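Residues per chain, in single letters:
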Amino acid sequence: MRNSPAKRVLIAEDNDEIRKLVRSTLAREPSLEISAVSANGTEALERAIALKPDLVVLDLVLPGLSGGEIASVLRKKLPETKIVVFTMYGDTLGKIVAKSVGVDAVVAKSDGLTVLADTVRSLLQ
């Protein structure tokens, strides 16, 4: 992937600290470009539709639209976009919600940023 153009990523996370950590972690990946960062679901969906990123990192619980609602719309409008849910609800509930809306992967926040970065890299290969 070294010679291919950078893959564009959109991050939707309402917690400032976590949003900054996710952004800085993924920005260190040479094959990725952070194309947008949103703190609420409505803005995240609008930006995703406008920018058509290669991958979206979504929290499940966001103000405005939930991550599940966003994923459901993106599955229909941008079927090629990969969706990773990064959530505190990475247990059974989060996986059930995520599977029902067709996300590509669920990473529990308790698993950490390294697992998130590994998952993102894997999905974009």
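This text follows the structure it describes.
Quick summary incoming for the structure in this document. Small disclaimer: the values here were computed from a predicted structure and weren't measured.

## Side note on helix 2 (residues 41–51)
Inference 1: Those residues of helix 2 lying buried are Gly41, Ala44, Leu45 and Ala48. End-on view of helix 2: buried residues confined to an arc of 95°, all on one side of the axis. Exposed positions of helix 2 whose direction lies more than 90 degrees from the buried face are Glu46 and Ala50.
Inference 2: Two or three places before Thr42, at the opening of helix 2, Asn40 has a side-chain oxygen 3.1 Å from that residue's backbone nitrogen.
Inference 3: Lys52 sits one or two positions beyond helix 2 and adopts a positive phi of about 50°.

## Digging into unusual backbone geometry
Inference 1: The phi angle at Lys52 is positive, at roughly 50°, despite the residue not being glycine.
Inference 2: Considering the arrangement of structural elements, one finds Lys52 in the loop between helix 2 and strand 3 (55–58).
Inference 3: With relative accessibility at 46%, the residue Lys52 sits in the partly exposed group.

## Concerning the sheet that holds strand 2 (residues 32–38)
Inference 1: The five strands lie next to each other as 2-1-3-4-5, forming an open sheet whose pairing is parallel. Pairing within the sheet leaves two strands with one partner each, and these edge strands are strand 2 and strand 5 (105–108). Ignoring which end each strand starts from, the neighbouring axes of this sheet average 20° apart.
Inference 2: As paired elements, strand 1 (residues 7–12) and strand 2 share six bridges and run parallel to each other. Across the sheet, Leu10 pairs through a bridge with Ala36, a residue of strand 2.

About the criteria used
Within every chain, residues take consecutive numbers counted from 1 along the sequence as written. Only residues with pLDDT of at least 70 get local features here, since the model is predicted, and only at 80 or more are side-chain atom pairs given and counted; chain-wide, interface and lining totals rely on the full set of residues. Excluded from the side-chain calculations are hydrogens and water; all other atoms, namely the structure's heavy atoms, are used. Accessibility here uses a 1.4 Å probe with only protein chains present; expressed as a share of the type maximum, an area under 20% marks a residue as buried, one over 50% as exposed, and anything in between as partly exposed. We count a stretch as a helix when DSSP gives it H or I for four or more residues in a row; a strand needs E for two or more, and each element gets its number in order from the N terminus. This arc is taken over the directions from the axis of the helix to the C-beta atoms. Identification of polar contacts relies on pairs of N or O atoms within 3.5 Å, with a donor-acceptor requirement for protein atoms, meaning one able to donate a hydrogen and the other able to accept it, and with residues adjacent in sequence counted only if both atoms are side-chain atoms. Two strands qualify as a pair provided that DSSP identifies no fewer than 2 bridges between them. The convention used is that axes are lines fitted to C-alpha atoms, helices contributing only their stretch in contact, and that angles between N-to-C directions extend from 0 to 180 degrees.

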